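Structural characterization, general
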Amino acid sequence: MLNVTQGYLNSVSHFTRNILTSVYFNDSETPIKENLIRVQVKELGQSGDTLTLGDLCSNEATVKFVMPSVVIPLEGGKFRVEHSIQVGSEYVPISLGTFYISQIEEVEGTNQFT
């Protein structure tokens, strides 16, 4: 469970909201924002009568973006996905997790990886 403020909860549940998505590569503190085309995070839980270690939560993220002029090394890399929701006049960030790159696909000038 994520610890958030009441202001964050109010903003998330409001019928209109502003959300920014950022992706950070390989422990960088400089996010990729403008070059993002699509970010998809799948969070899967375990259902059934038994629970095996590692089966409780399985998350996967897929990112499609245009490579910036400074090339980011993707092979063997990792990335962190962060959503920031507007609360009042500022954006409050929430990390959706760190993911390790296992598949890379280049299509028509874009990069997609999972």
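Description of the structure in this document. In this text, all values refer to a predicted model and were calculated from it rather than measured experimentally. (Residues numbered from 1 in each chain as written. Predicted model: local features only at pLDDT ≥ 70, side-chain atom pairs only at ≥ 80, totals over all residues. Heavy atoms only, no water.)

On to the pattern of salt bridges. In this structure the tally under the stated criterion is three salt bridges. Here Lys42 and Glu60 are joined by a salt bridge, their closest N and O atoms 4.0 Å apart. Of this pair, Lys42 sits in strand β2 (residues 36-45) while Glu60 sits in strand β3 (residues 57-65), and the two are 18 residues apart along the sequence. Look at Lys42 and you get partly exposed, because its relative accessible area is 37%. With a relative accessible area of 35%, Glu60 lands in the partly exposed category. Put simply, Glu82 and Arg80 hold a salt bridge, and the shortest N to O gap is 3.0 Å. What makes Glu82 buried here is its relative accessible area of 11%. (Salt bridge = Lys/Arg side-chain N within 4 Å of Asp/Glu carboxyl O. Helix = DSSP H or I, 4+ residues; strand = E, 2+ residues; numbered from the N terminus. Buried < 20%, exposed > 50% of the residue type's maximum accessible area, 1.4 Å probe, protein only.)

With that out of the way, let us pick up the side chain of Thr62. As for its position among the elements, Thr62 is in strand β3. Look at Thr62 and you get buried, because its relative accessible area is 10%. Separated by 3.3 Å, the side chains of Thr62 and Thr114 make a polar contact. Discounting residues that sit within four places of it in the chain, Thr62 has contacts with Arg38, Val39, Gln40, Gln112, Phe113 and Thr114. (Polar contact = N/O pair within 3.5 Å; in protein donor to acceptor, adjacent residues only side chain to side chain. Contact = heavy atoms within 4.5 Å.)

For the rest of this paragraph, the subject is the sheet that holds strand β1 (residues 19-25). One open sheet accounts for three strands, arranged β1-β4-β5; its pairing is antiparallel. Two strands lie at the open edges of the sheet, namely β1 and β5 (90-100), each paired on one side alone. The sheet shows a mean angle of 20° between the axes of neighbouring strands, taken without regard to direction. Relative to β5, strand β4 (residues 78-87) is paired through 10 bridges, and the arrangement is antiparallel. Of the residues in β5, the one forming a bridge with His83 is Ile94. Taken strand by strand, helix α1 (residues 6-13) contacts β4 and β5, and its axis lies near 90° from that of β4. (Pairing = 2+ DSSP bridges. Axes fitted to C-alpha atoms, helices over the stretch in contact; angles between N-to-C directions.)

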